[in-house]
Every structure is written in structure tokens, then in C-alpha cells.
Amino acid sequence: MNVGTKIEHGGAHIEYDSLMNLDEGWVSRKVFYDRDIYEEEMRQIFARVWLFVAHESQIPNPGDFVTTYMGEDGVIVARQRDKSVGVFINSCPHRGNKVCHADGGNARRFVCNYHGWAFDIGGNLMGMNAEEVYDPGDIDKSEWGMQPVAKVGVYKGLIFATFDPGAPSLEDYLGDYRWYLDCILDSDEGGSELVGGTMKFMIPMNWKVAAENFVGDAYHAAWTHDSASKAMTGGMAFPPIDFENTFHSSANGHGLEFGLDGIGDIALLGRPKVTEYFMDVLKPRMEKRLGALRSQIFGSIASASVFPNLSYLPGISTFRTWLPKGPTMTEVRSWTIVNRDMPDDIKDEITKAVMQTFGPSGTFEMDDGENWEHSTITNKGYVTRQGRLHYGCGISRKDDHAELPGIVHRGQFADSNQREFHRRWHDLMTAESWDDVPDRRSNRLKGRETRDLPQGLKSL
């Protein structure tokens, strides 16, 4: 039926206030293992927030499509004849069979293997095998297409979708975090693109373990990634801890932890040609386009997540989603994100470097995957699962920064963004509707293009 789905909220009775106290700095281990909590996440979060489903560069032409998941709901993302984007559930409304089994391609129609029901690229039912078996009045084809999502939105090349017709606009959902997101999407005139195809692999972990790592865990890097870092940089160690010129910034659960050195993550790529291009070509363009501060942030040691399950490393150029497959399994889909106007040889160098560092067999990826797996499966133990996890680092370092948007904490080694990630999780898990979801300092820049902002945010 070509109408929006009404999502029913509520279900298992869960005392969410007993699962975390973020002002004290702790989270229950159950959050990362419990099946009832996971099922409520599918309903309260994945069934109503905006979720990344594709980049426009993946579907440039009419008929181009990719398949992915929104929570555990499979969807087809297809470029329409009028160049708009359609997103609809990848399931036949006849007997529920998966309609499209390909990861992507170009199609004039989608045909279900089971009974030959055929749909156009907009998901509309166009015909059925042996249609003569249906008597007049048996079926109204206009009412039996593949189920569309409620809304589709595009932000500077990134395609998002939501099942909830009551969701806020995509711009409001991203809020002030757009200021940081534009460092990878709008640093050059041509915008961004994904290159090198899609890397897909499974990690036996809870999806939040990885998402919260990217949103704020710089603390693990110097220890977990010490040997990999030295291998990529010719023996250089991580720089000393800097509490003055490094930050955490969060806007409604979206967050970036970063420094201002402008070179740390670029150096980790281990590609002198790329370093030269970033420092001599891109950064001067970026400073002119986005300002000096963002050109300093880009390329520094940094990591970021858009709530709930989109993460990236700005200077290293890995870009990925964490697709939940149960409370203890996650499918990772990873790409290389580059500026469209970069020379092809630079794109190629970056793609190779991403595979070497954050591909399935990358030096850093293997370090992380092992830790994330065991951070999840230890909670299988009943007694272990009753315990709490510490999230108190940097709890008193809040900084009302004059230039940085969002909820800002000083010091890169902290749990600040992770606390705000879980605060957003708690907000959504306990809210009956979007009217009940608080705006945690996310929209001071509402309605503004981030390239045109004044230097000081306090004047807004």
C-alpha cells in the first residue's frame, strides 16, 4: 500500500532510569546485551529516526538502486525517472518474499521470484504472472505496491530516510552538527562521493559499542592502536595528551571528538602524496570556504558518529554504517569518502590507505573488532550483566565555547560525547512521540547555511 506506515510504540516494560545515570557517569551492561531492550530499540529508535541509506554518488542515474537496511527492515533505495529518490521496503506484499537480492545495480523493474509480481522502480505494482487468475475486483494494484518509507531527505549528498511521518525535518534532526559534518561534505566546490565499492563484514557485537566508540573514544587509540600507528607512520608514537586544544562536541547524540593540529589522522594514512595534497591544496580551499577553525579540525585525530549508526573518520576517509542484526551481531558496511573534484590518483591512494587501515583486514580495524566483540559477549554472564560500566571521564569539563556549536567539553580523552550519545538513546527510548524528545542544544544554527556563519556563535 502506497501510504506511510503507522508505527506503534511501546511494548516491553523496561525501567530505563535504572539502566543509566549519566550525571553520575555510568551505564548498565544490560544496554549492550538484553534482547527486550534491543527489540525496543528497533521500535523506539530505528523505526522513527532519520537513517542514512545511501550516498547520491551510488545512484546517479534513473533506475540505479542499492539495497540496505533501516534497523532490520530491508529497503531498496532507487533513483526515480524524475531524479528524485524513492525508498521502499524490500518485501513483496503478496507473500512477503524478498524482492531484490542484489546489493545494487540498474533496473527498469523489480520482480518477485515467488509468484512473479512486478514493480516499477518506485515500488508500484505493475503486473503479476498469470494475471488472468484474478477475477475483476480481486485486487486494486494501486493499493498493493511495496511499502514506501514516510520521508526521504538529502543533505549534501547523503540520503536519509525515516519510517515516521511525524519525524522532524532532516535539517532539524542533524541540527548544529551540520557545522561539523560539512568538513567532509562541503570542503570543496564539487562536494563528496563514495568510491571503491562497498566493504561488508560481520562483527559479533552490539551496534552501540561501535557507534559510541566513534562518537567519542579517543582514549583507546594510543593503547589499542599503538603498534598499528607506528607501522603506518614509520615508528611515530601518538602525541602527548592535550587538554587545552582538543574537544568533544555533541548535538542531540551526534558527535565529534577532535584536536586542532590538522595533521594527525592524515599522517596515519601513511601516504606522503595524500598528505601533500591535503596540506597544500585542500586545506587552503577549505579555509577559504569554511573558515580557519574547521580547516584546523579536518585532518586532526578525530572520530565521529551521526546518531544512531552512521560513523566516519574525517581525515582517514572511512565512512560506515553499523547495521544491527540482533543484540550481539552487527553488519558493517564501509566505504571510502572523498571529494568529487580530487584528482583520480589521490582518490586511488586514499582508497588503498583506507583498506590498509580500516578495511576488514586493516591494521586498525582488527584491533577494534576484537575489543568490540569481547565487550559484548562478556555480558552473556548473568552476574556480569548486572554490573555497571564507567562513563565518568571528563564529566566536569563542559566548555561554553564561543565558536564551536553543540554541547562542548574540553579535552579529547573523555567520555563526554559517549554520555550525550546515551542521553539521546534514553530520550528516544522513553519518548511517546517526537514532541516528547528534548532538543539538547542542537539548533542554534537553524535555517543557516554553515558556510555563511559569523565567527562567534554567541552573537546568534
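Just so we're clear, the structure is a prediction, and the values are computed from it rather than from any experiment. (Residues numbered from 1 in each chain as written. Predicted model: local features only at pLDDT ≥ 70, side-chain atom pairs only at ≥ 80, totals over all residues. Heavy atoms only, no water.)

S.K.: Before we go on, may I ask you to explain the overall build of the protein chain in this structure?
M.R.: Counting secondary structure elements, the protein chain contains 13 helices and 21 strands. The C-alpha atoms of the protein chain give a radius of gyration of 22 Å, which matches the 23 Å a tight globule of 460 residues would have. With the C-alpha coordinates aligned to their principal axes, the bounding extent of the protein chain is approximately 75 × 55 × 45 Å. For the protein chain, buried positions account for 57% of its 460 residues. (Helix = DSSP H or I, 4+ residues; strand = E, 2+ residues; numbered from the N terminus. Rg over C-alpha atoms; globule rule 2.2 N^0.38 Å. Buried < 20%, exposed > 50% of the residue type's maximum accessible area, 1.4 Å probe, protein only.)

S.K.: Mind showing me how you'd approach the packing of helix H4 (residues 207–216) against helix H13 (residues 416–430) here?
M.R.: Helices that pack against each other are described as a pair by the angle of their axes relative to one another and the distance between those axes. Closest axis-to-axis distance for the H4/H13 pair is 8 Å, and the angle between their directions is 135 degrees. Taken together, the axes of H4 and H13 are oblique relative to one another. Between H4 and H13 lies a crossing of right-handed hand. Taken together, the residues of H13 that come into contact with H4 (itself represented by Trp207, Lys208, Ala211, Glu212, Asn213, Val215 and Gly216) are Asn417, Gln418, Phe421, His422 and Trp425. When grouped by side-chain class, the residues that make up the contact of H4 with H13 number five nonpolar, five polar and two charged. (Axes fitted to C-alpha atoms, helices over the stretch in contact; angles between N-to-C directions. Parallel < 35°, antiparallel > 145°, perpendicular 65-115°, else oblique. Left-handed = near helix turned anticlockwise from the far one by under 90°. Contact = heavy atoms within 4.5 Å. Nonpolar A, V, L, I, M, F, W, Y, C, P; charged D, E, K, R; others polar.)

S.K.: What is the right way to read helix H1 (residues 35–46) from this model?
M.R.: Since the α-helix turns once every 3.6 residues, residues separated by three or four places project in the same direction. Between its first and last C-alpha atoms H1 spans 15 Å; for 12 residues at 1.5 Å apiece the expected length is 16 Å, and the two agree. Regarding H1, the residues found buried are Ile37, Tyr38, Glu40, Glu41, Met42, Gln44, Ile45 and Phe46. Here the buried face of H1 lies against strand S3 (51–55), H4, strand S18 (318–324) and H13. The residue sitting at the N-terminus of H1 and contributing the capping side-chain oxygen is Asp34; that oxygen lies 3.0 Å from the backbone nitrogen of Asp36. (Expected span 1.5 Å × (residues − 1). Polar contact = N/O pair within 3.5 Å; in protein donor to acceptor, adjacent residues only side chain to side chain.)

S.K.: Honestly, the sheet that holds strand S12 (residues 158–162) in this entry has me stumped. Any pointers?
M.R.: Each strand in a sheet pairs with its neighbour through backbone hydrogen bonds, running either in the same direction (parallel) or in the opposite one (antiparallel). A sheet is described by the order of its strands in space; here three strands give the open sequence S3-S12-S11, paired in antiparallel fashion. Each end of this open sheet is capped by a strand with a single partner; those strands are S3 and strand S11 (151–155). Adjacent strand axes in the sheet meet at a mean angle of 30 degrees when their direction is disregarded. As defined by bridge partners, S3 adjoins S12 across four bridges and the pair is classed as antiparallel. Paired with Leu51 across the strands is Ala161, a residue of S12. (Pairing = 2+ DSSP bridges.)

S.K.: What should I look at first to understand unusual backbone geometry in this one?
M.R.: A negative phi angle characterises most non-glycine residues, just as the trans form characterises most peptide bonds. In this model, Phe307 is joined to Pro308 through a cis peptide bond whose omega is 5 degrees. Tracing the backbone shows Pro308 in the loop between strand S16 (302–306) and strand S17 (310–312). One non-glycine residue, Ala130, lies in positive phi territory at about 50 degrees. Secondary-structure assignment places Ala130 in the loop between strand S10 (125–127) and S11.

S.K.: Explanation requested: the environment of Arg43 in the structure shown.
M.R.: For Arg43, the location among the structural elements is in helix H1. Between the alpha carbons of Arg43 and Gly71 there is a distance of 9.0 Å; along the sequence they are 28 residues apart. Within the local environment of Arg43, its side chain forms a polar contact with the side chain of Glu40, the two groups lying 2.5 Å apart.

S.K.: Help me out: how do you make sense of the UniProt feature "domain: Rieske" (unreviewed entry) in the protein chain in this one?
M.R.: When the UniProt feature table is mapped onto this chain numbering, "domain: Rieske" (unreviewed entry) sits at residues 50–161. With 0% helix and 40% strand, residues 50–161 has its two end C-alpha atoms placed 5 Å apart. (UniProt positions renumbered as here; feature names shortened; annotations may be inferred.)

S.K.: So what exactly am I meant to see when it comes to empty space enclosed by the protein here?
M.R.: Over the atoms rolls a probe the size of a water molecule, and its path tells where empty space is left. Under the criterion given, the structure shown has two cavities of 30 Å³ or more. Looking at the largest cavity, its volume works out to about 100 Å³. Along the walls of the largest cavity sit 13 residues, with Phe298, Ser317, Ile337, Val338 and Asn339 positioned nearest its centre. For the lining of the largest cavity, the elements supplying multiple residues, two or more each, are helix H3 (178–185), helix H8 (272–290) and strand S19 (330–339). Looking at which element gives the most residues to the lining of the largest cavity, the answer is S19, with three residues. Of all the elements, H3 adds the most residues to the lining of the second largest cavity, at three residues. (1 Å grid on protein atoms, 1.4 Å probe; cavity = no way out; pocket = protein on both sides within 12 Å on 5 of 7 lines; lining within 4 Å. Points joined across faces, edges and corners; volume = space filled by probe spheres on them.)

S.K.: Please explain the side chain of Asp164 as it appears in this structure.
M.R.: As for its position among the elements, Asp164 is in the loop between S12 and helix H2 (170–174). Of the buried charged residues, Asp164 lacks a salt bridge, with Arg48 as the closest side chain of opposite charge at 5.2 Å. A polar contact is formed between the side chain of Asp164 and the backbone nitrogen of Gly166, at a distance of 2.8 Å. (Lys, Arg positive; Asp, Glu negative; His and termini not counted. Salt bridge = Lys/Arg side-chain N within 4 Å of Asp/Glu carboxyl O.)

S.K.: Mind showing me how you'd approach the state of the cysteines here?
M.R.: What we call a disulfide is simply a covalent bond connecting the sulfur atoms of a pair of cysteines. Evaluation of the coordinates by the stated rule reveals zero disulfides. You can see Cys92 has no disulfide; the closest cysteine sulfur is in Cys112, sitting 4.1 Å from it. Overall, Cys112 belongs to the buried group, its relative accessible area being 4%. (Disulfide = S-S within 2.5 Å.)

S.K.: Whenever I open this one, the pattern of salt bridges confuses me. Can you help?
M.R.: When the charged atoms of two side chains lie near each other, side chains of opposite charge can form a pair. Considering all chains together, one arrives at 23 salt bridges under this definition. Arg289 serves as the salt-bridge partner of Asp186, at 2.8 Å between the closest nitrogen and oxygen. One end of the pair, Asp186, is in the loop between H3 and strand S13 (192–203); the other, Arg289, is in helix H8, and 103 residues separate them in sequence. Neither Asp186 nor Arg289 differs from the other in exposure class; each is buried. Salt bridges here are not isolated pairs; linked through shared partners, they connect Lys156, Asp182, Asp186, Glu189 and Arg289.

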